[in-house]
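Per-entry structural report
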Amino acid sequence: MPDLIVTGTLCTRCGACVATCPLRIIELPEGSLSPRFTDTGAARCIACGHCEAVCPTSALLVDAPRLDPSTYSPPSTPLAAEDLDAYLRMRRSIRHFRPDPVPRETIEGLLNVVRFAPTGSNRQGIKWLVIHDTAEVRRLTGLAVDWLRSQREGGSRLGPHFNVAGMIRSWRKGNDPICRNAPHLVIPYSDRQHPTADVDSIIAAAHLEIVAPAHGVGTCLGGFFQMAAEAWEPLRQALSLPEGHRPGYTILLGYPVTTYRRPPKRNRLDLTWR
Ligand SMILES: Cc1cc2nc3c(=O)[nH]c(=O)nc-3n(C[C@H](O)[C@H](O)[C@H](O)COP(=O)(O)O)c2cc1C
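Reading the values: rules and limits
- Residues numbered from 1 in each chain as written.
- Predicted model: local features only at pLDDT ≥ 70, side-chain atom pairs only at ≥ 80, totals over all residues.
- Heavy atoms only, no water.
- Domains from an automatic or database assignment.
- Near = heavy atom within 4 Å.
- Polar contact = N/O pair within 3.5 Å; in protein donor to acceptor, adjacent residues only side chain to side chain.
- Helix = DSSP H or I, 4+ residues; strand = E, 2+ residues; numbered from the N terminus.
- Nonpolar A, V, L, I, M, F, W, Y, C, P; charged D, E, K, R; others polar.
- Buried < 20%, exposed > 50% of the residue type's maximum accessible area, 1.4 Å probe, protein only.
- Patch = residues over 30% accessible without salt bridge, like charges linked within 9 Å, V, L, I, M, F, W, Y side chains within 5 Å.
- Areas by Shrake-Rupley, 256 points an atom, 1.4 Å probe, with all protein chains shown as cover.
- Salt bridge = Lys/Arg side-chain N within 4 Å of Asp/Glu carboxyl O.
- Contact = heavy atoms within 4.5 Å.
- Phe/Tyr/Trp six-rings, centres within 6.5 Å; stacked < 30°, edge-to-face > 60°.
- Disulfide = S-S within 2.5 Å.
- Core = buried A, V, L, I, M, F, W, Y, C linked by side-chain atoms within 4.5 Å.

Notes on the domain arrangement of the protein
Each assigned domain of the protein is listed here: domain 1 (3-63) and domain 2 (84-254). For domain 1 versus domain 2, the separation of C-alpha centres amounts to 39 Å.

Here is the structure:
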(Lines give C-alpha, C1' and ligand atoms only; values in the text may rest on other atoms or scores of the structure.)
Protein backbone atom coordinates (compact mmCIF):
# COMPACT_ATOMS: atom_id res chain seq x y z
CA MET A 1 0.00 0.00 0.00
CA PRO A 2 1.38 3.46 -0.82
CA ASP A 3 2.40 5.77 1.97
CA LEU A 4 1.97 9.54 2.02
CA ILE A 5 5.04 11.07 3.65
CA VAL A 6 4.52 14.72 4.55
CA THR A 7 7.14 17.05 5.97
CA GLY A 8 4.87 19.22 8.10
CA THR A 9 7.36 22.05 8.37
CA LEU A 10 7.41 22.46 4.58
CA CYS A 11 3.66 22.18 4.02
CA THR A 12 1.89 25.49 3.46
CA ARG A 13 -1.60 23.91 3.50
CA CYS A 14 -2.20 25.25 0.00
CA GLY A 15 -4.46 22.29 -0.79
CA ALA A 16 -3.01 21.59 -4.24
CA CYS A 17 -2.54 17.89 -3.39
CA VAL A 18 -6.16 17.57 -2.26
CA ALA A 19 -7.43 19.28 -5.39
CA THR A 20 -5.37 17.24 -7.84
CA CYS A 21 -5.90 13.76 -6.40
CA PRO A 22 -7.92 11.81 -9.01
CA LEU A 23 -9.45 9.56 -6.35
CA ARG A 24 -10.16 12.34 -3.82
CA ILE A 25 -8.47 10.37 -1.09
CA ILE A 26 -6.34 13.15 0.38
CA GLU A 27 -7.83 15.42 3.02
CA LEU A 28 -6.64 18.49 4.86
CA PRO A 29 -8.97 18.74 7.85
CA GLU A 30 -9.51 21.98 9.69
CA GLY A 31 -6.85 22.28 12.39
CA SER A 32 -4.48 19.63 10.98
CA LEU A 33 -0.99 20.77 10.05
CA SER A 34 -0.72 18.82 6.84
CA PRO A 35 -2.62 16.57 4.41
CA ARG A 36 -3.26 12.90 5.00
CA PHE A 37 -5.07 9.99 3.42
CA THR A 38 -8.78 9.65 4.11
CA ASP A 39 -9.75 6.53 6.07
CA THR A 40 -9.81 4.31 2.97
CA GLY A 41 -7.29 6.38 1.04
CA ALA A 42 -4.15 4.31 1.40
CA ALA A 43 -5.95 1.18 0.17
CA ARG A 44 -7.35 2.99 -2.86
CA CYS A 45 -4.28 5.03 -3.80
CA ILE A 46 -3.00 4.20 -7.32
CA ALA A 47 0.37 5.87 -6.62
CA CYS A 48 -0.03 8.21 -9.57
CA GLY A 49 2.15 10.71 -7.70
CA HIS A 50 0.17 13.74 -8.86
CA CYS A 51 -0.01 15.07 -5.27
CA GLU A 52 3.77 14.95 -5.07
CA ALA A 53 4.15 16.44 -8.53
CA VAL A 54 2.04 19.53 -7.78
CA CYS A 55 3.35 20.32 -4.31
CA PRO A 56 5.02 23.75 -4.55
CA THR A 57 7.29 23.16 -1.54
CA SER A 58 8.19 19.48 -2.04
CA ALA A 59 6.53 18.76 1.28
CA LEU A 60 4.88 15.55 0.15
CA LEU A 61 6.16 12.22 -1.12
CA VAL A 62 4.33 9.12 -2.25
CA ASP A 63 6.20 6.00 -1.27
CA ALA A 64 5.50 2.43 -2.30
CA PRO A 65 7.80 -0.55 -2.69
CA ARG A 66 7.12 -0.77 -6.42
CA LEU A 67 8.21 2.80 -7.11
CA ASP A 68 11.64 3.49 -8.57
CA PRO A 69 13.31 5.91 -6.12
CA SER A 70 14.99 7.85 -8.98
CA THR A 71 13.89 11.43 -9.28
CA TYR A 72 14.02 13.56 -12.40
CA SER A 73 14.12 17.31 -12.81
CA PRO A 74 11.61 19.22 -14.89
CA PRO A 75 12.93 20.62 -18.19
CA SER A 76 15.33 23.52 -17.67
CA THR A 77 13.66 25.55 -20.43
CA PRO A 78 10.08 25.00 -21.50
CA LEU A 79 9.74 23.22 -24.84
CA ALA A 80 8.44 25.67 -27.42
CA ALA A 81 5.07 24.49 -28.69
CA GLU A 82 6.01 25.13 -32.31
CA ASP A 83 9.21 23.08 -31.88
CA LEU A 84 7.25 20.14 -30.51
CA ASP A 85 4.66 20.48 -33.30
CA ALA A 86 7.44 20.46 -35.90
CA TYR A 87 9.19 17.52 -34.20
CA LEU A 88 6.03 15.41 -34.21
CA ARG A 89 5.36 16.19 -37.86
CA MET A 90 8.88 15.01 -38.69
CA ARG A 91 8.54 11.60 -36.97
CA ARG A 92 8.66 8.90 -39.64
CA SER A 93 8.38 5.13 -39.77
CA ILE A 94 11.87 3.90 -40.60
CA ARG A 95 12.19 1.01 -43.02
CA HIS A 96 15.91 1.13 -43.80
CA PHE A 97 18.17 0.46 -40.86
CA ARG A 98 21.92 0.43 -40.48
CA PRO A 99 23.15 -3.02 -39.45
CA ASP A 100 25.17 -1.77 -36.47
CA PRO A 101 23.51 -2.39 -33.12
CA VAL A 102 21.96 0.23 -30.90
CA PRO A 103 23.68 -0.17 -27.50
CA ARG A 104 21.60 -1.77 -24.79
CA GLU A 105 22.06 1.32 -22.57
CA THR A 106 20.52 3.52 -25.29
CA ILE A 107 17.46 1.28 -25.61
CA GLU A 108 17.14 1.06 -21.84
CA GLY A 109 17.35 4.85 -21.64
CA LEU A 110 14.49 5.17 -24.13
CA LEU A 111 12.34 2.69 -22.21
CA ASN A 112 13.07 4.57 -19.02
CA VAL A 113 11.34 7.57 -20.58
CA VAL A 114 8.48 5.51 -22.01
CA ARG A 115 7.82 4.29 -18.44
CA PHE A 116 6.17 7.69 -17.87
CA ALA A 117 3.44 7.05 -20.46
CA PRO A 118 -0.14 6.78 -19.18
CA THR A 119 -1.56 3.39 -18.22
CA GLY A 120 -5.07 2.45 -17.08
CA SER A 121 -5.44 3.03 -13.32
CA ASN A 122 -1.72 3.84 -13.31
CA ARG A 123 -1.20 0.07 -13.41
CA GLN A 124 2.19 0.34 -15.16
CA GLY A 125 1.93 -3.34 -15.96
CA ILE A 126 4.02 -3.18 -19.14
CA LYS A 127 7.08 -5.36 -19.36
CA TRP A 128 9.54 -5.29 -22.22
CA LEU A 129 11.18 -7.98 -24.27
CA VAL A 130 14.05 -6.67 -26.39
CA ILE A 131 15.38 -9.03 -29.04
CA HIS A 132 18.81 -7.45 -29.22
CA ASP A 133 20.56 -10.29 -31.02
CA THR A 134 20.08 -9.60 -34.73
CA ALA A 135 20.48 -13.28 -35.66
CA GLU A 136 17.57 -14.04 -33.34
CA VAL A 137 15.52 -11.25 -34.99
CA ARG A 138 16.10 -12.99 -38.34
CA ARG A 139 15.10 -16.38 -36.92
CA LEU A 140 11.89 -14.96 -35.46
CA THR A 141 11.17 -13.13 -38.72
CA GLY A 142 11.46 -16.48 -40.51
CA LEU A 143 8.76 -17.83 -38.22
CA ALA A 144 6.58 -14.81 -39.03
CA VAL A 145 7.08 -15.58 -42.73
CA ASP A 146 5.88 -19.14 -42.05
CA TRP A 147 2.72 -17.60 -40.64
CA LEU A 148 2.44 -15.42 -43.74
CA ARG A 149 2.66 -18.56 -45.89
CA SER A 150 -0.24 -20.02 -43.91
CA GLN A 151 -2.24 -16.90 -44.81
CA ARG A 152 -1.68 -17.23 -48.55
CA GLU A 153 -4.87 -19.15 -49.18
CA GLY A 154 -8.25 -17.45 -49.64
CA GLY A 155 -10.22 -16.55 -46.54
CA SER A 156 -7.32 -14.87 -44.77
CA ARG A 157 -8.16 -11.43 -43.37
CA LEU A 158 -4.91 -10.18 -44.93
CA GLY A 159 -6.00 -11.01 -48.46
CA PRO A 160 -8.00 -7.89 -49.34
CA HIS A 161 -5.42 -5.53 -47.84
CA PHE A 162 -1.93 -6.87 -48.53
CA ASN A 163 0.01 -8.60 -51.27
CA VAL A 164 0.85 -11.67 -49.23
CA ALA A 165 2.24 -13.66 -52.18
CA GLY A 166 4.45 -10.70 -53.11
CA MET A 167 5.80 -10.45 -49.56
CA ILE A 168 6.67 -14.14 -49.53
CA ARG A 169 8.40 -13.78 -52.91
CA SER A 170 10.31 -10.78 -51.58
CA TRP A 171 11.51 -12.79 -48.55
CA ARG A 172 12.61 -15.61 -50.87
CA LYS A 173 14.70 -13.09 -52.81
CA GLY A 174 16.51 -12.09 -49.60
CA ASN A 175 14.49 -9.01 -48.61
CA ASP A 176 12.72 -8.59 -45.31
CA PRO A 177 9.24 -7.14 -45.78
CA ILE A 178 8.26 -8.06 -42.21
CA CYS A 179 10.99 -6.62 -39.98
CA ARG A 180 12.74 -4.49 -42.61
CA ASN A 181 16.13 -5.88 -41.59
CA ALA A 182 15.90 -4.00 -38.31
CA PRO A 183 18.69 -5.10 -35.98
CA HIS A 184 16.37 -5.21 -32.96
CA LEU A 185 12.76 -5.85 -31.96
CA VAL A 186 11.21 -4.22 -28.93
CA ILE A 187 8.06 -5.89 -27.64
CA PRO A 188 5.95 -4.50 -24.82
CA TYR A 189 3.90 -7.23 -23.18
CA SER A 190 1.55 -7.50 -20.27
CA ASP A 191 -1.00 -9.61 -18.50
CA ARG A 192 -4.04 -9.25 -20.71
CA GLN A 193 -6.46 -9.88 -17.85
CA HIS A 194 -6.47 -6.15 -17.23
CA PRO A 195 -9.07 -4.29 -19.33
CA THR A 196 -6.62 -1.61 -20.49
CA ALA A 197 -3.62 -3.91 -21.11
CA ASP A 198 -3.78 -3.73 -24.92
CA VAL A 199 -4.19 0.03 -25.04
CA ASP A 200 -1.43 0.50 -22.44
CA SER A 201 0.95 -1.43 -24.71
CA ILE A 202 0.02 0.57 -27.78
CA ILE A 203 0.45 3.87 -25.98
CA ALA A 204 3.86 2.70 -24.76
CA ALA A 205 4.82 1.77 -28.33
CA ALA A 206 3.68 5.21 -29.51
CA HIS A 207 5.77 6.92 -26.84
CA LEU A 208 8.80 4.91 -27.92
CA GLU A 209 8.22 5.98 -31.51
CA ILE A 210 8.16 9.59 -30.36
CA VAL A 211 11.16 9.60 -28.05
CA ALA A 212 13.50 7.40 -30.13
CA PRO A 213 14.20 9.87 -32.98
CA ALA A 214 15.29 12.53 -30.47
CA HIS A 215 18.11 10.10 -29.59
CA GLY A 216 18.97 9.34 -33.21
CA VAL A 217 17.16 5.99 -33.16
CA GLY A 218 14.61 4.92 -35.77
CA THR A 219 11.51 2.82 -35.24
CA CYS A 220 8.62 1.31 -37.18
CA LEU A 221 5.59 -0.51 -35.88
CA GLY A 222 5.84 -4.14 -36.94
CA GLY A 223 2.26 -4.91 -37.84
CA PHE A 224 2.93 -8.18 -39.68
CA PHE A 225 5.26 -9.43 -36.97
CA GLN A 226 2.64 -8.49 -34.41
CA MET A 227 -0.15 -10.39 -36.17
CA ALA A 228 2.12 -13.41 -36.47
CA ALA A 229 3.16 -13.16 -32.81
CA GLU A 230 -0.48 -13.29 -31.78
CA ALA A 231 -1.61 -16.01 -34.16
CA TRP A 232 1.28 -18.36 -34.92
CA GLU A 233 2.05 -20.89 -32.22
CA PRO A 234 5.70 -21.53 -33.25
CA LEU A 235 6.42 -17.78 -32.97
CA ARG A 236 4.49 -17.50 -29.71
CA GLN A 237 6.56 -20.34 -28.32
CA ALA A 238 9.80 -18.80 -29.58
CA LEU A 239 8.97 -15.53 -27.80
CA SER A 240 8.12 -17.56 -24.67
CA LEU A 241 6.42 -14.78 -22.76
CA PRO A 242 5.28 -15.66 -19.24
CA GLU A 243 2.00 -17.58 -18.91
CA GLY A 244 -1.06 -15.35 -19.39
CA HIS A 245 0.94 -12.60 -21.10
CA ARG A 246 0.56 -11.58 -24.69
CA PRO A 247 2.72 -9.30 -26.83
CA GLY A 248 1.62 -5.72 -27.18
CA TYR A 249 2.68 -3.92 -30.33
CA THR A 250 6.05 -4.97 -31.76
CA ILE A 251 8.45 -2.17 -32.67
CA LEU A 252 11.30 -2.53 -35.18
CA LEU A 253 14.28 -0.52 -33.96
CA GLY A 254 17.72 0.51 -35.19
CA TYR A 255 19.73 3.43 -36.50
CA PRO A 256 18.03 4.92 -39.54
CA VAL A 257 19.62 5.11 -42.98
CA THR A 258 17.07 7.48 -44.45
CA THR A 259 17.16 11.20 -43.69
CA TYR A 260 13.84 12.99 -44.04
CA ARG A 261 14.07 16.62 -45.09
CA ARG A 262 10.49 17.71 -44.55
CA PRO A 263 7.16 16.30 -43.38
CA PRO A 264 5.11 14.48 -46.04
CA LYS A 265 1.59 15.59 -46.93
CA ARG A 266 -1.19 14.08 -44.90
CA ASN A 267 -4.95 13.76 -45.32
CA ARG A 268 -6.94 16.82 -44.41
CA LEU A 269 -8.20 16.96 -40.85
CA ASP A 270 -11.59 15.25 -40.54
CA LEU A 271 -13.17 17.01 -37.59
CA THR A 272 -16.71 17.22 -36.30
CA TRP A 273 -17.72 19.76 -33.69
CA ARG A 274 -20.85 19.19 -31.65
C1 LIG B 1 -0.84 -0.49 -36.44
C2 LIG B 1 0.29 -0.21 -37.39
C3 LIG B 1 0.98 -1.24 -37.96
C4 LIG B 1 2.02 -0.97 -38.84
N5 LIG B 1 2.72 -2.02 -39.38
C6 LIG B 1 3.71 -1.78 -40.25
C7 LIG B 1 4.44 -2.85 -40.83
O8 LIG B 1 4.21 -4.03 -40.54
N9 LIG B 1 5.43 -2.55 -41.70
C10 LIG B 1 5.72 -1.26 -42.05
O11 LIG B 1 6.62 -1.05 -42.85
N12 LIG B 1 5.04 -0.21 -41.52
C13 LIG B 1 4.06 -0.44 -40.61
N14 LIG B 1 3.39 0.61 -40.04
C15 LIG B 1 3.78 1.98 -40.34
C16 LIG B 1 2.78 2.68 -41.24
O17 LIG B 1 2.79 2.08 -42.53
C18 LIG B 1 3.18 4.17 -41.29
O19 LIG B 1 2.81 4.74 -40.07
C20 LIG B 1 2.54 4.93 -42.44
O21 LIG B 1 3.02 4.48 -43.66
C22 LIG B 1 2.80 6.44 -42.33
O23 LIG B 1 4.19 6.71 -42.28
P24 LIG B 1 4.82 7.54 -41.06
O25 LIG B 1 4.69 6.69 -39.80
O26 LIG B 1 6.23 7.76 -41.45
O27 LIG B 1 4.05 8.80 -40.93
C28 LIG B 1 2.37 0.37 -39.16
C29 LIG B 1 1.66 1.41 -38.54
C30 LIG B 1 0.65 1.14 -37.66
C31 LIG B 1 -0.07 2.28 -36.99
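Concerning the site of the ligand
Residues in contact with the ligand, as listed here, are Arg91, Arg92, Ser93, Arg95, Arg180, Cys220, Leu221, Gly222, Gly223, Phe224, Tyr249 and Arg266. Contact between the ligand and Arg266: an oxygen atom at 2.5 Å from a side-chain N or O atom of the residue. Of all elements in the fold, only β7 (218-221) and α9 (223-231) reach the threshold of two or more residues within the shell around the ligand. Looking at side-chain class alone, the shell around the ligand contains 4 nonpolar, 3 polar and 5 charged residues.

A look at unusual backbone geometry
Phi is positive for Arg13, close to 60°, though the residue is something other than glycine. As for its position among the elements, Arg13 is in the loop between β1 (3-6) and α1 (16-20). Taking the relative accessible area as the measure of exposure, Arg13 reaches 32% and is therefore partly exposed. The residue Ser121 is not glycine, and still its phi comes out positive at about 55°. With respect to the helices, strands and loops of the structure, Ser121 is situated in the loop between α5 (104-114) and β5 (127-131).

With respect to a nonpolar patch on the surface
On the surface, Leu79, Leu84, Leu88 and Ile210 cluster together into a nonpolar patch covering about 340 Å² of accessible area. Tracing the sequence through the fold places Leu79 in the loop between β4 (60-63) and α4 (81-90).

Focus on the side chain of Arg192
Among the secondary structure elements, Arg192 is positioned in the loop between β6 (184-191) and α8 (197-211). Of note is the side chain of Arg192, whose polar atom sits 2.4 Å from the backbone oxygen of Pro247. Those residues within four positions of Arg192 in sequence are excluded, and the remaining contacts are Ala197, Asp198, Glu230, Gly244, Arg246, Pro247 and Gly248.

Remarks on the packing of aromatic side chains
Summed over the entire model, instances satisfying the criterion amount to 2 aromatic pairs. Aromatic side chains Tyr72 and Phe116 sit 5.6 Å apart centroid to centroid with 90° between the ring planes, which places their arrangement in the edge-to-face category. Residue Tyr72 is found in the loop between β4 and α4, and its partner Phe116 is found in the loop between α5 and β5; the two are separated by 44 residues along the sequence. Of the residues examined, Phe116 reaches a relative accessible area of 57% and is grouped as exposed. Between Phe162 and Phe224, the aromatic rings sit 4.7 Å apart at their centres with planes inclined by 75°, giving edge-to-face as the arrangement. One end of the pair, Phe162, is in the loop between α6 (134-150) and α7 (164-172); the other, Phe224, is in helix α9, and 62 residues separate them in sequence.

Some details on the state of the cysteines
Simply put, the disulfide is a covalent bond whose two ends are the sulfur atoms of two cysteines. For the structure on display, the rule yields 0 disulfides. Of all cysteine sulfurs in the structure, the one in Cys48 sits closest to Cys45, which takes part in no disulfide; the separation is 6.6 Å.

Some words on the nonpolar core
By size, the foremost hydrophobic cluster in this structure holds 30 residues, and its most contacted members are Leu148, Ile178, Phe225 and Leu235. Among the elements of the structure, α6, α7, β6, α9 and α10 (233-239) are those that each provide at least two residues to this core. Here this core gets 7 residues from one element, more than from any other, and that element is α6. Setting aside residues no more than four positions away along its own chain, Leu235 makes contact with Leu140, Leu143, Ala144, Phe225, Ala228 and Ala229. Counting 16 residues, the second-largest nonpolar core is a separate cluster that includes Ile126, Val217, Ile251 and Leu253.

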